[in-house]
Amino acid sequence: MKSFIRQTFIALAGASALGLLSGAIAAPVTYDITVNTTPLAGTTGKLDFQLNPGVITSPNANVTITNFNSQSMLQGAPQLDGGATGALTGSATIVNSDGFNALLQDVMFGSSFSFRLIFDGSFLSSPSLDGTTFSLNLLAPLSFLPLGLSNPSGNFITGSLVSGLISFTSDAAPIGNAGAVTGIDAPVTGTVPVPAAFALVLLGLLALRRVR
Amino acid sequence: MRIPFAFTAALRLIARAAAPVLLLASSAGFAAGNVVISQVFGGGGNTGAVYKNDFIELFNRSAAPVNVTGWSVQYASATGASWQKTTLTGTIQPGQYFLVQEAAGAGVVADLPTPQVVGTIAMGGAAGKVALVNNDVALTCGLAATSCVGNAAVVDFVGYGATASNFEGAGPTPAPSNTNSVARAGNGCTDADNNAADFTAIVTAPRNGASPSNTCGAVANAPVVATCPATISGLANTAATTNLGATDADNLVTSATITSATVPGISLVSVVPSTAVNTALQAGLRVNAAAGGYTITVQFANDATPAQTASCTIAINVTPPAASARIRDIQGANHISPLVGQAVTNVPGIVTGKKGNGFYMQDPLPDNDPATSEGIFVFTSTAPSSVAIGDAVRVSGNVAEFRGGGNAATNSSLTITQIAAPVIVVESSGNTLPEPILIGIGGRVPPNQIIESDASSGNLETSGTFKPATDGVDFWESLESMRIRFVNAVAVGPSNDFGEIPIIGDNGAAATLRSARGGIMATATDGNPERILIDDSLVPPPIIPATSVGDRFAEVVGIVDYSFNTYKLTITQPLVVIPGGIVPEVTVAQTQNQLAIAAYNVENLDPNDPPAKFATIASQIVNNLKTPDIIGMTEIQDNNGPTNDSVVDASTTLTTLINAIVVAGGPAYSFRLINPVDDQDGGEPGGNIRVGYLYNPARVTFVDRAGGTATSATTVTNAGGVPVLSASPGRIDPTNAAFNSSRKPLVGEFLFNGRTVYTIVNHFNSKGGDNSLMGRYQPPVRSSEVQRTQQATIVANFVQSITAIDPKANVVVLGDLNDYEYSPALTILKNAGLTDLIEGLPENERYTYVFEGNSQSLDHILVSANLMAKAAPIYDIVHINAEFANQASDHDPEVVRLTLLPPAADITASVQISRSGLVLNRATGVFSGTISVKNTTAATINGPINVQLRNLPAGVTLSNAAGSEGGFPYVSGTGPIVPGATLTLPVTFTNPARVLLNYDVRVYSGSF
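A brief report on the enclosed structure follows.

Overview of the overall build of chain B
When helices and strands are counted, chain B shows 10 helices and 60 strands. By the burial criterion, 53% of the 1008 residues in chain B qualify as buried. Here the contacts in chain B between residues at least 6 apart in sequence split such that 69% fall between residues at least 24 apart. Carbon and sulfur atoms make up 56% of the accessible area of chain B, which totals about 38300 Å².

Some remarks on the side chain of B:Glu480
Note that B:Glu480 resides in the loop between α5 (472-477) and β27 (483-491). For the buried B:Glu480, no salt bridge is present, and the opposite-charge side chain at shortest range is B:Arg403, 10 Å distant.

Description of empty space enclosed by the protein
Residue and element names in this part refer to chain B. Counting across every chain of the model gives five cavities of 30 Å³ or more. In terms of lining, the largest cavity is formed by 15 residues, of which the most central are Pro 446, Gly 505, Asp 506, Ala 510 and Glu 530. Taken together, the residues of the lining of the largest cavity break down into nine nonpolar, four polar and two charged.

Quick word on the state of the cysteines
All names here are of chain B. For the coordinates displayed, the defined rule picks out three disulfides over all chains. Across the disulfide from Cys 141 sits Cys 148; the S-S distance is 1.9 Å. Between Cys 141 and Cys 148, the disulfide has an S-S torsion of 105° and is therefore right-handed. Cys 148 carries the same exposure label as Cys 141, and that label is buried. The disulfide partner of Cys 189 is Cys 216, and the S-S distance across this bridge is 1.7 Å. Where Cys 189 bonds to Cys 216 through sulfur, the torsion about that S-S bond is close to -85°, and the disulfide is left-handed. One end of the pair, Cys 189, is in the loop between β11 (180-184) and α3 (195-198); the other, Cys 216, is in the loop between β12 (199-203) and β13 (224-227), and 27 residues separate them in sequence.

Regarding the sheet that holds strand β15 (residues 240-248) of chain B
Residue and element names in this part refer to chain B. Spatial strand order, β13-β15-β18-β17: four strands in an open sheet with antiparallel pairing. Both edges of this open sheet fall to β13 and β17 (266-272), since each of them pairs with a single strand only. In this sheet, neighbouring strand axes are inclined to one another by 25° on average, regardless of whether the strands run parallel or antiparallel. Note: β15 against strand β18 (residues 281-287), seven bridges, orientation antiparallel. Across the sheet, residue Thr 242 finds its bridge partner in β18, namely Leu 285.

Comments concerning the interface of chain A and chain B
Residue-level contacts link 30 residues of chain A with 19 residues of chain B. The junction of chain A with chain B conceals about 1900 Å² of combined surface from both sides, 54% of it contributed by carbon and sulfur atoms. Sorting the residues of chain A by area buried against chain B places A:Ile56, A:Phe100 and A:Leu129 first, and these three jointly supply 29% of that buried surface. Counting every contact that joins chain A to chain B gives two salt bridges. The salt bridge partner of A:Asp48 is B:Arg922, with a shortest N-O separation of 2.9 Å. At the surface where chain A touches chain B, the tally comes to 10 residue pairs in polar contact (both at pLDDT 80 or more). For the side of chain A that touches chain B, the secondary structure elements donating two or more residues are β3 (44-53), β5 (79-81), β8 (102-108) and β10 (132-139) of chain A. Ranked by residue count, the leading element in the side of chain A that touches chain B is β10(A), at five residues. For the side of chain A that touches chain B, a count of residues per class yields 12 nonpolar, 14 polar and four charged.

Side note on the sheet that holds strand β9 (residues 128-133) of chain B
Residue and element names in this part refer to chain B. The strand order across the open sheet formed by four strands is β5-β4-β9-β10, and the pairing between neighbours is antiparallel. Edge strands, defined here as strands with exactly one partner in the open sheet, are β5 (84-87) and β10 (154-160). Across this sheet, the average inter-strand angle for adjacent strands is 15°, counted without regard to direction. Here strand β4 (residues 72-76) runs beside β5; their pairing, made up of four bridges, is antiparallel. Bridge assignment links Ser 72 to a residue of β5, and that residue is Thr 87.

Section: the environment of B:Met123
Residue and element names in this part refer to chain B. Positionally, Met 123 belongs in the loop between β8 (117-118) and β9. Through-space distance from the C-alpha of Met 123 to that of Glu 102 is 7.7 Å; in sequence the pair is 21 residues apart. With sequence-adjacent residues up to four places away left out, Met 123 is seen in contact with Val 40, Phe 41, Gly 42, Asp 54, Phe 55, Ile 56, Tyr 75, Glu 102, Val 130 and Tyr 160.

Remarks on the pattern of salt bridges
Residue and element names in this part refer to chain B. With the rule as written, the count across this model stands at 36 salt bridges over all chains. We note a salt bridge from Arg 326 to Asp 363, for which the minimum N-O separation is 2.8 Å. On the criterion of sequence distance, the pair formed by Arg 326 in the loop between β20 (309-319) and α4 (327-331) and Asp 363 in the loop between β22 (358-362) and β23 (375-379) is long-range, its members being 37 residues apart. Accessibility expressed as a relative area gives 1% for Asp 363, which makes it buried. Two residues, Arg 731 and Asp 681, come together in a salt bridge whose shortest N-O distance is 2.8 Å. With Arg 731 in strand β41 (residues 730-731) and Asp 681 in the loop between β36 (670-672) and β37 (690-695), this residue pair connects regions lying 50 residues apart in the sequence. Since its relative accessible area comes to 3%, Arg 731 is described here as buried. One continuous salt-bridge network, built from bridges that share partners, spans Arg 326, Arg 328, Asp 363, Asp 367 and Glu 374.

Analysis parameters
Residues numbered from 1 in each chain as written. Chains lettered and ligands numbered in written order. Predicted model: local features only at pLDDT ≥ 70, side-chain atom pairs only at ≥ 80, totals over all residues. Heavy atoms only, no water. Helix = DSSP H or I, 4+ residues; strand = E, 2+ residues; numbered from the N terminus. Buried < 20%, exposed > 50% of the residue type's maximum accessible area, 1.4 Å probe, protein only. Contact = heavy atoms within 4.5 Å. Areas by Shrake-Rupley, 256 points an atom, 1.4 Å probe, with all protein chains shown as cover. Lys, Arg positive; Asp, Glu negative; His and termini not counted. Salt bridge = Lys/Arg side-chain N within 4 Å of Asp/Glu carboxyl O. 1 Å grid on protein atoms, 1.4 Å probe; cavity = no way out; pocket = protein on both sides within 12 Å on 5 of 7 lines; lining within 4 Å. Points joined across faces, edges and corners; volume = space filled by probe spheres on them. Nonpolar A, V, L, I, M, F, W, Y, C, P; charged D, E, K, R; others polar. Disulfide = S-S within 2.5 Å. Pairing = 2+ DSSP bridges. Axes fitted to C-alpha atoms, helices over the stretch in contact; angles between N-to-C directions. Buried area = accessible area lost by both parts, 1.4 Å probe. Polar contact = N/O pair within 3.5 Å; in protein donor to acceptor, adjacent residues only side chain to side chain.

Structure, rendered in structure tokens:
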């Protein structure tokens, strides 16, 4: 797993290129994410978005998924569990209200897709150490096995939401890695300044763009 | 009386010239030119005749030649007077014969010897008249009125057959026939002018001029004439006497002497000199010799001066007596001789080795059946001084099967086939010994697994098929008492005080499951029948060199024997050791948090042992065992060892050892034990062997609980979930009959790193009384297992009385359990929740003892389930004794290192806990997340770190739990956590209902 972004609250955005600070202003936090799926282009699969609390005492958190730019890859209506509502064709929201909160969308992969994440909730201002985790995985259509991971017990994208901090990690396999099912070779895009070192490590895995 | 020749010749001339009647009446006279008819044969060529011609044989009985040229022999029928004549020519020398061949008959038979004159007269076969005439004029006489006798021209006249009308003297000669002639007595010398007396009928034997001459009247200074058989035949070593004799016509024969080389067993006996001239000296030639051919010359001498002698040469052919059986017939293809109880005679063999009570012999002419041994032991009871190695002997005696230890049914020993009450005859010495049979590659390969496969009755002597190709005991039996040879033999056990070394051949090429150090493993299914024990039982005893496992011998030659319940190779030539180079092992020292517990059978240790033994064991404990924290000792004897008195205290024994350990650089151990009741625990009489503990008080604490005695049984009570011993040290059920004449288990309670460890040291009853591997009862009955099983059951029950109170109790059962890991006794202990650590070793490392070359496990350390789960036992058998010629004990010690960390401390208040959100893996159905623990103190928190999750919702399981403590699962991290640092541990849950989780977290430093 590679920790590649640790984002701050909006009020402190830009305070650190590494985003290591936290703040007290509980305003939504927005990220734009681009994923290169060239090796999977033309195959079917699933996009699995989850937002699950660790325990019942985890503060409220929700995420809105918007601006999904590859409408043509979406196939049918999503499967919604727990606190999930909406659809990627428009705007979908997942709330950490249940033990399992998820949106599962069938897709026909193209060369890439992108979307916007808007995190909100009381966790942004809570000191609680009981967290919530956002995750995205690319799944095989029948077996539900994760695709494109270097660490089979990890996630394609993991976002840890705890004590007002959002930190992302990825266990996506590097492009061209032997045995990797997929890879993403698009350059980092977006407005979020990603440290050069991280960018190299990611091998152009994906790009997140935080938007005010 | 002898008549001077000249005188008698004169008388004859006078008589013939002047008075024929007188001549007829006179005694035999000789004159110069006195030629006589010496033989007449008229049946030539007739039926039954040997010769085809008639003949008239003349003989010159005088001392001067006689020219018979112009003379004639004439024939007339028995009653006729018509004479036919054959003219002679030639000279007859003194003593010479002169053969005149006449007409041939019709039969085709043999020719006469070459005649001097050939005539054509057909003579009467049964009667007739023949005259020797000194001219060539036919006679006209021959009838009664005109007798030819007295005719001046007639030199000699013979009327033969009853009907002859004319003859000399009183009557004609006896009648000849087709097979007989009539011959003049004295080979022609006798002439009393009486045809009836002078002639006899003989088997026709014509003599001619080439026949040996015959000197008439040459009787002066007669020679000694020996009478001996040309040949004598007899049986070896069987006395027989043949009569010899010698006569002398004019002297006494007075002596007989063997003049040829002396032959043992051949001599003259009963020599009786002659007592009168012309009577025989009589002697016996006694032959009682070994088989062979001999030529003996016997010389006889008379009393003349100088003595005359005569010798005769006798060929003596002595043949071996017939053997009633060969060795292979006695041995048979079985363990018991088919001739047992029967007498055998003259069994041949070459002596190959001698013992104090007999000798081995082997047939030099083996057959081709490998199942029947060609060797046998001859039991002489005392040292067999009458034979030497290389002697060819014949043995008669009774076939017996000797079973060492007696024939009681409880004795599983096999037998040795032997000839008892022997009568031994040495036939020759210095013979080449039979070539030894090569055992192994290129020769006879012993079975390497099966000892006996089909003794259906349980006794191979009464059931089963003799299969030397596949069954080990049958293989060696087929070679019993034979010479065999190994090449590249390797020792699989050390030399011992009995002069034995177990070996296998060919560097163990065909052996299965060798130990890494050169031994060979005994398993439940492999008793290693390819082994045999070198032994030194021959006389003089060979030197057995100090030998350790893995040492080798380029060649071993000896005789297959069986004694003390196994097959032996009694060597006949010295051994040369090629060192294998094994060295005593050294174990790894325990770490700070490792409790090292050893088990060591010190083989009857007592203060009377040499100081070197104490020093060696002390050094082993310090340097090889690395000073274990606890040592379960077995075979500790009392303060005066085998002195059989009432002393039972062993404090001196242990103090002596403890002091030696200090001298060797080790710690000052303490000890705990309970003295036994005198003479109640078996072992060496008077020694009062017992078990006990040495422990290092600097590392462990012995928890003393008073009350333990030799006869009191320790109990276990439950004190709030904690097992409490009624006594420590304490004996376990010491009065139970299961421990009769056996050591009583001793339980002790120790503290290490704040943790309680219960140890039970044992010395179960020995294997005495078990059937031997190479015995008659197959498969062997291990009767001693019964008592060990009872003992194991008692110990197992005691262990369970502890673990029933605290399933996580730390219990160690150790010691000399005198049995294998797969035995019933060990199975009982394992079924009580104990793990036999030896089973964690590779199969070829599971040995603490080497018995007759079989590496095997007798000593064990077993641990309870909690120790297996938590203490990461590291077990090691330290090979320092059992494989070595020089050993402090016959057992190898064993050590286990148990990692026992201090008990876990609840540090929840000292950390900050963060629980991440979860992600469901849709393929596995498992939720994953993390729990992070941050050290909020200024001190380092030592590992391991255990994070316990309490009160998870129903249906939710911590699927990656490292364990459960107090009913709550936990995950573990190594730690430590320095101040301010965070330890993050993954957690996974199964949550089929996908409920919101709710649980408490407790964090512990240290192991549960």
